[in-house]
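Structural overview for review
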Amino acid sequence: MFAESWLRVGVLLCLSSAGTGAAEKTVRIVEHGEARSVVVVGNEADAQTRDAAELLVEYVQRASGAKLRVLSAEDATSGITARPGPLEPNGAKKRADAARDSGRVPVTIHVGRDPYVEGLGLKRDSLDDDGFLIKVSDSSNVVIVGPTPWGTEFGVCEFLERFVGVRWLMPGPDGEDVPKRRAIEVPVGTDIRSEPAFFSRQFSGLVGAVQTNWARRNRMHGRVSFHHNLLNLFPPSKYAKTHPEFFPIRSGKRYIPPNDHTHGWQPCFSAPGIVEEAARTICRYFDQHPEATSYSLGVTDSSGHCQCERCRAQDPPEPNFLGRRNVSDRYYAWCNRVVERVLEKHPDKWFGCLAYSEVAQPPSRIKVHPRIIPYMTYDRMKWADPDLRAEGERLTRWWHRTSPVVGWYDYIYGTPYCVPRVWFHLMADYLRFAQANGVRAFYAEAYPNWGEGPKLYATLKLLWDPHQDVDVLLRDWYVRAVGPDAADALAEYYTLWEDFWTRRVLNSAWFTQGGQYLRFNNPSYLAEVTKPDIRRSRELLERAVKLARTEKQKARAKLLLRAFEYYEASALAYAGAGSKVLAVPRTETEALASINQALEKLEMARKRLRLAEEFVRHPVLVHPLPPSRYSLLSGAGWGGSSIWGLLDWIGRSQRVKIRVEQLAETATGEARRQARAVLTVADATSQPISSNPSFESPDGRWPKPWSPWVKWGIGRMTVANAAARTGQRGILCRGVKRGGPHQALKVSPGYYAAVGYFRVPKQPESNATVTINMTPLDEQGHNLPSIAHSVPATATDWTAIAVSGLIPAEIQGQPVSRVRLIVIVDGFQPGEEVYLDDVAMYRVE
């Protein structure tokens, strides 16, 4: 069950009775490396409870060398203390002689329900399903039990952490810390009653059993379904002909989705019979899956709400706080009616949904049913900004006034970020706020980079009990991870990066006030990373490796240092690539020096991608979201910014030109290709494969063969004489939130370069950017991973932006049919301008 008394959640009680004799004060589980206890499970115990018992046995043995025996309750009462193999209630019998060494009866550790536990009258059913009791009433019995097998399993994990000293610090064998001890004892009178503050705790993006098992040991357990699901509840293949009225009206016509996988539409929530049909389907699901605890009523992705008169009549006239049509009243009223019907047959179920887009705002005319959990989506690291935090807290309180139970959906990505992204203290603060304001379920897109050390460990601990002292939690992790001598160095390392993300980055061009999540696929925050940051980080991690004492501690320290090598290579390769002011050499001496700098950066760029490829085969260091997945993270242009800064110098300085020509002939890999690309573009005789680079248009109309793209229709893009760098015309973008000119080109496999120029006449108020992009397209015209380079849009005169890269015959198994050349302007506010001109694409080799 989900605990009804929310005042109790997350509380741990450990009471020890005061005895007079030493033997009465503690229960000896292991003494002098010898087992002084047996483990008992109920005769009808399920597989999960039995596995929990075996988990207890495994780690006690690893800590002490003592092998505890596992018995069924029936065998225990018969005096059996041994079994030949896996637990079998009616297995081979062997009479106990527990007193032969010590004269004492062995302690019984009861894991889960058995007759002894049932006889104690423990009020475990008042606990949350994941909660547990650890109780030692006398010197002969230890009880570890929850209301469900999950609770019992988590009770065993707590027992191992608290009384055996086990820590699951990171995934994998090296991530476990199991201290050696000759004795394991528990105080008589121990009475621990614990349950989670957030009853559903789930991360996405964990890779493989090694990582998911680690999370489970730290009590991750997702119990609420809430993702996009209405397209599955009303599949067109089933209802298009029998109930077309279930589908939305759009522009006066009924819209029937072409297949069962199409998003961008919502059911007509006012259709006759749609409530009854949904309830029947969901009841049938629970009949077939009685173990399921919840069902998702999440809207389909990408909007598409019904425009019929009955639906629109339920909507308030004002848009919601996101500026979208507010359909929360119609949607949550429909959810309420469906849930009320389902609960008549299945009274203990939950129903999750996504509170975003058109249903992001609490309904104004109704209350949300208490068994519905709307998940509020937001990257709460943004709460480092006081104004955003105040607004986020206001919205959470608003939701809680309307919905008794609220869920939080967070974006705590590790990958694809290129330096450790941690905010331990801010997270502890906002989880305490969440627990105090009705948030009872938590989901996060994690996609971890375990170079972030205690980040996910601390998150799971705080989700169980957000009132823990986060500094004590972190100190314990540092000491257990690398030992007491090295702990300070590791703590300083993560403090450095916590300061970066919660203070320094707030003033960067990368940090955005708007949007639900930060731009994880845009690495321009690296412009804020300094060489001293990287140098100090390496010093601290190398010190941690040196000072770590044990083999396991050194292995963990080395793993963190290995993860840091990717961070280091990313920051050093990117240096200057996204600087606020493009580093164009002012003198010939600076131009020549920048070539050596470029070579160093290109080597770091090569190392970065090599490490990412190596990590694919590592169960812990693997990147769930690799850099190749996102164009701006692929590394195209990284390290080469210094070379592209020589574009104008090649025509002005023979010495610079000769040096770049030498690179083009003698260098290897990307350095050679980048040099050839710059020489190709700088050569006045080179012919681009694209057309009309300066956007000339004799009649003043939109220039061919370019096409305009203005996403969401926000802003204008026109041809203007004032926007010309060369020739008569250029492109003027005014107030364009996202868009740009583009043309599609037929290409063969090879190495290509794209270059363009932009001018920002007045400094934008927002964190605007300009990106040049070569996007391969498959035969259906769908985007494949692109080659792109982005820079902040600062008030400067005409500035070059360039990128180069290899376009293969196929990408991800899809043949490359064409390439789209585009310059994307992003984040400009109404009235803000940027000029574009001389955009061209060249084949280099």
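Just so we're clear, the structure is a prediction, and the values are computed from it rather than from any experiment. Every chain is numbered on its own, with residues counted from 1 as its sequence reads. Two thresholds apply to this predicted model, a pLDDT of at least 70 for residue-level local features and 80 or more for giving and counting side-chain atom pairs, whereas whole-chain, interface and lining totals are computed over all residues. The basis for every side-chain value is the complete set of non-hydrogen atoms in the structure, without hydrogens or water.

**Observations concerning the overall build of the chain**
Spelled out, the test is: Think of it this way: any DSSP run of H or I at least four residues long counts as a helix, any run of E at least two long counts as a strand, and we number them from the N terminus. Put simply, the radius of gyration uses C-alpha atoms, and a globule should come to 2.2 Å times the residue count raised to 0.38. Contacts are residue-level and defined by heavy atoms, with any inter-residue pair within 4.5 Å sufficient. We get accessible surface area from the Shrake-Rupley algorithm with a probe of 1.4 Å; when it comes to residues, only the shown protein chains can shield them.
Per the secondary structure count, the chain includes 23 helices and 31 strands. Since a compact globule built from 845 residues should have a radius of gyration of about 28 Å, the 31 Å found for the chain is in line with a globular shape. By sequence separation, contacts in the chain at least 24 residues apart represent 76% of the contacts at least 6 residues apart. Summed over all atoms, the accessible surface of the chain reaches about 34,300 Å², with 50% contributed by carbon and sulfur.

**Digging into the confidence of the model for the chain**
As a general rule, the predicted coordinates of low-pLDDT regions are not to be interpreted in detail. Definition in use: Scored between 0 and 100, pLDDT is the confidence that the predictor attaches to each residue.
Mean pLDDT over the chain stands at 91; residues scoring 70 or higher make up 93%. Taken together, the stretch residues 81-103 has pLDDT below 50 and engages in 38 contacts with residues farther than four places along the chain or on a different chain. Within the model, the stretch residues 578-582 combines pLDDT values under 50 with 10 contacts to residues more than four positions away or in other chains.

**Topic: the side chain of lysine 349**
The test is simple: Throughout, exposure labels follow a simple rule: accessible area from a 1.4 Å probe, protein chains only, divided by the maximum for the residue type, with under 20% read as buried, over 50% as exposed, and the rest as partly exposed. Neither His nor the chain ends is counted toward charge; the positive residues are Lys and Arg and the negative residues Asp and Glu. Put simply, a salt bridge is a Lys or Arg side-chain nitrogen that is within 4 Å of an Asp or Glu carboxyl oxygen. Pairing of N or O atoms within 3.5 Å defines a polar contact, subject to two protein rules: one partner must be a possible hydrogen donor and the other a possible acceptor, and residues neighboring in sequence count only if both atoms are side-chain atoms.
As for its position among the elements, lysine 349 is in the loop between helix H12 (328-345) and strand S16 (350-355). It turns out lysine 349 is buried and unbridged, and the closest side chain with the opposite charge, aspartate 348, is 4.2 Å from it. Within polar-contact distance, the side chain of lysine 349 engages the backbone oxygen of alanine 292 at 2.5 Å.

**Section: the nonpolar core**
Here is the rule we go by: Residues grouped as a nonpolar core are buried Ala, Val, Leu, Ile, Met, Phe, Trp, Tyr and Cys residues, joined through side-chain atoms within 4.5 Å.
Core analysis: the biggest nonpolar cluster contains 193 residues, and Ile29 and Trp334 have the highest contact counts within it. Here this core takes 12 residues from helix H19 (residues 551-574), the largest share from any one element. The residues touching isoleucine 29, leaving out its near neighbours within four places in the chain, are Glu34, Ala35, Arg36, Ser37, Leu68, Val107, Ile109, Val142, Phe159, Ile184, Glu185 and Val186. Grouped together as the second largest cluster of nonpolar side chains are 35 residues, Val719, Leu745, Ile787 and Ala793 included.

**Remarks on the sheet that holds strand S26 (residues 787-792)**
Quick reminder of the rule: One bridge is not enough; two strands pair if DSSP finds at least two bridges between them. In this analysis, axes come from line fits to C-alpha atoms, helices being fitted only over the stretch in contact, and the angle between any two N-to-C directions falls in the range 0 to 180 degrees.
Pairing is antiparallel across the open sheet formed by 5 strands, whose spatial order is S20-S23-S30-S25-S26. The sheet is open, and its two borders are formed by strand S20 (707-710) and S26, each paired with just one other strand. Across the sheet, the mean angle separating the axes of adjacent strands is 20 degrees when strand polarity is ignored. Here strand S25 (residues 769-777) pairs with strand S30 (residues 818-826) via 9 bridges, running antiparallel. Bridge pairing links asparagine 773 to isoleucine 822 in S30.

**Digging into helix H17 (residues 487-502)**
Test applied: Multiplying 1.5 Å by the helix residue count minus one yields the expected span of that helix.
Taking 1.5 Å of rise per residue, 16 residues should cover 22 Å, and H17 covers 22 Å from first to last C-alpha, within 8% of that figure. Those residues of H17 that fall on the buried side of the exposure criterion are Ala487, Ala489, Leu490, Ala491, Tyr493, Tyr494, Leu496, Trp497, Glu498, Phe500 and Trp501. Buried residues belonging to H17 abut helix H14 (424-436), helix H16 (470-482), helix H18 (531-547) and H19.

**Examining the side chain of aspartate 385**
Along the polypeptide, aspartate 385 turns up in the loop between strand S17 (372-377) and helix H13 (386-402). Of note is the side chain of aspartate 385, whose polar atom sits 3.1 Å from the backbone nitrogen of leucine 388. When neighbours within four sequence positions are excluded, aspartate 385 is seen to be in contact with Leu506, Phe511 and Gln513.

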